[in-house]
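# Architecture and fold: a report
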Amino acid sequence: MVQNVASFFRELEPADFYLLSGIEQGMRFSEWVQREQLPKYSSLTSEEVDYRLDRCMKHELIQRKTIQYEGYQLTFEGYDVLALRSFSERDTIEGVGSPLGVGKESDVYEAMSFQPLALKYHREGYTNFRAVDREREYTSDRNHVSWLYTARKAAEKEYEALESLYPDVSVPRPVDQNRHAIVMEKLDGAELSRARLESQQVVGVLDLVLEEMTGAYHEGYVHADMSEYNVFVDEDGITIFDWPQAVPTDHENSDELLARDLKNIYGYFRRKYPSETPESVDLGVLADDIVDDELESIRSYAEP
């Protein structure tokens, strides 16, 4: 867990980070890095490598496997430490606080800084790498793809989308990115899935979501994973988050993904608020109007 990493982070010495960085470097070429290669990758002597291996194994920052050779790889905690060190050196954050959300593909924590921030660690590929490898395009052009690469590319892709969309679209303000981690604005409010909207709020909130999807489209992105779990609602409006699967609007499947996003978000409102959400909305017309920037209130799309 990240809190465990934060508890001993200051005890780690520069040479510990040399070893971790060396293993990270070696994992670009092999899932398990041979013990004999570690002095070269880490710029440490063989004796120093042995000492640092014991220290890092103790803190569960690396793991060992004996196959045809003695090999080592980073754990996600080890990768977390490397990202946390970079953020610390850049004065982005001062520490890690309580968890804000833990899921299958990411963990989000409160970040200690001069303002409320959130630290998001991408976890794609660590527990179900083969499935992620098939689904994510950024793994398709490499012969050897580690979970480090998959998680880092997800973070880079999400951060790029946030930088492109903010502030014209209501997304979390991006602050910094390193490896598989993103520092961004801490969101207030509640997930749409947990919010209890009053009857008179339902259409207004759905309209706000559609307006932000329209804005994102005209800034060049389709979210491609829209659901009630990726929208925050507060007294000031809504914020759309979780953008690692976003695709540019010139992507060959962007129209299909936009249609799927609309089906998902409209379907949620119909299931949870059937009396307040207009029936028989023509989602095809709605999608066309998002593309043409001619969006109207959701009520206007209901078939007579």
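For the structure given in this document, a descriptive report is provided here. (Residues numbered from 1 in each chain as written. Predicted model: local features only at pLDDT ≥ 70, side-chain atom pairs only at ≥ 80, totals over all residues. Heavy atoms only, no water.)

### Notes on the pattern of salt bridges
Side chains bearing opposite charge may pair, as long as their charged atoms lie close to each other. Note the following rule: Any Lys or Arg side-chain nitrogen located within 4 Å of an Asp or Glu carboxyl oxygen qualifies as a salt bridge. Each helix corresponds to a stretch of at least 4 residues labelled H or I by DSSP, and each strand to a stretch of at least 2 residues labelled E; elements are numbered beginning at the N terminus. Accessibility here uses a 1.4 Å probe with only protein chains present; expressed as a share of the type maximum, an area under 20% marks a residue as buried, one over 50% as exposed, and anything in between as partly exposed.
Enumeration according to the criterion identifies 16 salt bridges in this entry. The residue Glu156 makes a salt bridge to Lys153 at a minimum N-O spacing of 3.4 Å. With Glu156 and Lys153 both in helix α7 (residues 147-165) and three residues apart, this pair spans about one turn of that helix. Its relative accessible area of 25% is what places Lys153 among the partly exposed residues. Between Arg270 and Glu279 there is a salt bridge, with its nearest N and O atoms 3.9 Å apart. Residue Arg270 is classed as partly exposed on the basis of its relative accessible area of 22%.

### As for the packing of aromatic side chains
Our working rule: Under the pairing criterion, centres of Phe, Tyr and Trp rings, with the six-membered ring standing for Trp, must be within 6.5 Å; the plane angle then separates stacked pairs below 30 degrees from edge-to-face pairs above 60, leaving the rest tilted. Ring-over charges, as used throughout, are those where CZ of Arg or NZ of Lys falls within 6 Å of the ring centre and within 35 degrees of the ring normal.
This model, assessed by the stated rule, comprises seven aromatic pairs. Linked through ring pairs, Phe76, Tyr79 and Trp147 together constitute an aromatic cluster. If you follow Lys40 out to its NZ or CZ, it ends over the ring of Tyr41, 4.9 Å from the centre. In this arrangement the basic side chain of Arg85 is found over the ring face of Phe17, its NZ or CZ atom lying 4.3 Å from the centre.

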